Amino acid sequence: DVIDGMAKALSSLGLYMVLVFFAAQFVAFFRWSNLGTICAVSGAELLQSWNLTGPEVFLPFILMCCFVNLMLGSASAQWAITAPIFVPMLMSIGYSPQVIQAAYRIGDSTTNIITPMMSYFGLILAFAMRYDKKLGIGTLVSTMIPYSICFLIGWVILFYVWVFVLGLPVGPGTPTYYSPGG
């Protein structure tokens, strides 16, 4: 009975193990090929050539995180894929990793409710179906899109006001700007 109970408890980890396996393979490939570093350096040079090194660089980054989140629901897997490219890229134009991660969290969190890839989406759908038996995935997503957009706009405004207008740190003792090489 103990062995059967343990097997049932661990069987639910199968999906997570598969996800982590492929995320680890992707990260290992990036490390082995130096593709992340190449993309980061090329991206930083491109941003500098476009003169896109001010705070406005975070809006496309946040929107890109929103888009990636629609296809890859796991925040840790998404961070494992995007961080090796975007953290060094944005650090090279002068922003601290903490500010980059705060911007990433805005993009990741605001579209969670509209992606069926989110791990709790089925649970949310089941609870919503208690109140409306005809509710489906499309109805739930279309109902939540205005909320997702409002949260995105609100968080982006709060981020810019907090970090760039008021100059407040995103964490204890965290600088907003990073000086490459020193």
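Presented here is a report on the structure given in the accompanying data block. Computed from a prediction, not measured in an experiment: that's the story for all the values here.

## A short note on the nonpolar core
Thinking step 1. With 29 residues, the main nonpolar core has F58, F61, I62, L90, I100 and F159 as its most contacted residues.
Thinking step 2. Going through the elements one at a time, helix 3 (35-49), helix 4 (58-71), helix 5 (75-92), helix 6 (97-110) and helix 8 (137-165) are the ones with two or more residues in this core.
Thinking step 3. Among all residues touching F58, those that are not within four sequence positions of it are L90, Y95, V99, I100, A103, F159, Y160 and F164.
Thinking step 4. Core analysis: the second largest hydrophobic core is formed by seven residues, I114, F121, L125 and L140 among them.

## Topic: the packing of aromatic side chains
Thinking step 1. All chains considered together, the criterion is met by twelve aromatic pairs.
Thinking step 2. Judged by centre distance (6.1 Å) and plane angle (90°), the rings of Y95 and F164 are edge-to-face. Taken together, the positions of Y95 in the loop between helix 5 and helix 6 and F164 in helix 8 put the pair 69 residues apart, joining distant regions of the chain. Of the two residues examined, Y95 and F164, each falls in the buried class.
Thinking step 3. An aromatic cluster of three or more residues is present, and its members are F58, Y95, F159, Y160, F164 and Y177.

## A short note on unusual backbone geometry
Thinking step 1. One non-glycine residue, N34, lies in the positive phi region at around 60°.
Thinking step 2. With respect to the element layout, N34 can be found in the loop between helix 2 (14-33) and helix 3.
Thinking step 3. We classify N34 as partly exposed; its relative accessible area is 42%.
Thinking step 4. Even without being a glycine, N51 presents a positive backbone phi close to 55°.

Rules and cut-offs
Residues numbered from 1 in each chain as written. Predicted model: local features only at pLDDT ≥ 70, side-chain atom pairs only at ≥ 80, totals over all residues. Heavy atoms only, no water. Core = buried A, V, L, I, M, F, W, Y, C linked by side-chain atoms within 4.5 Å. Buried < 20%, exposed > 50% of the residue type's maximum accessible area, 1.4 Å probe, protein only. Helix = DSSP H or I, 4+ residues; strand = E, 2+ residues; numbered from the N terminus. Contact = heavy atoms within 4.5 Å. Phe/Tyr/Trp six-rings, centres within 6.5 Å; stacked < 30°, edge-to-face > 60°.

Any functional reading would require information beyond the geometric quantities listed.
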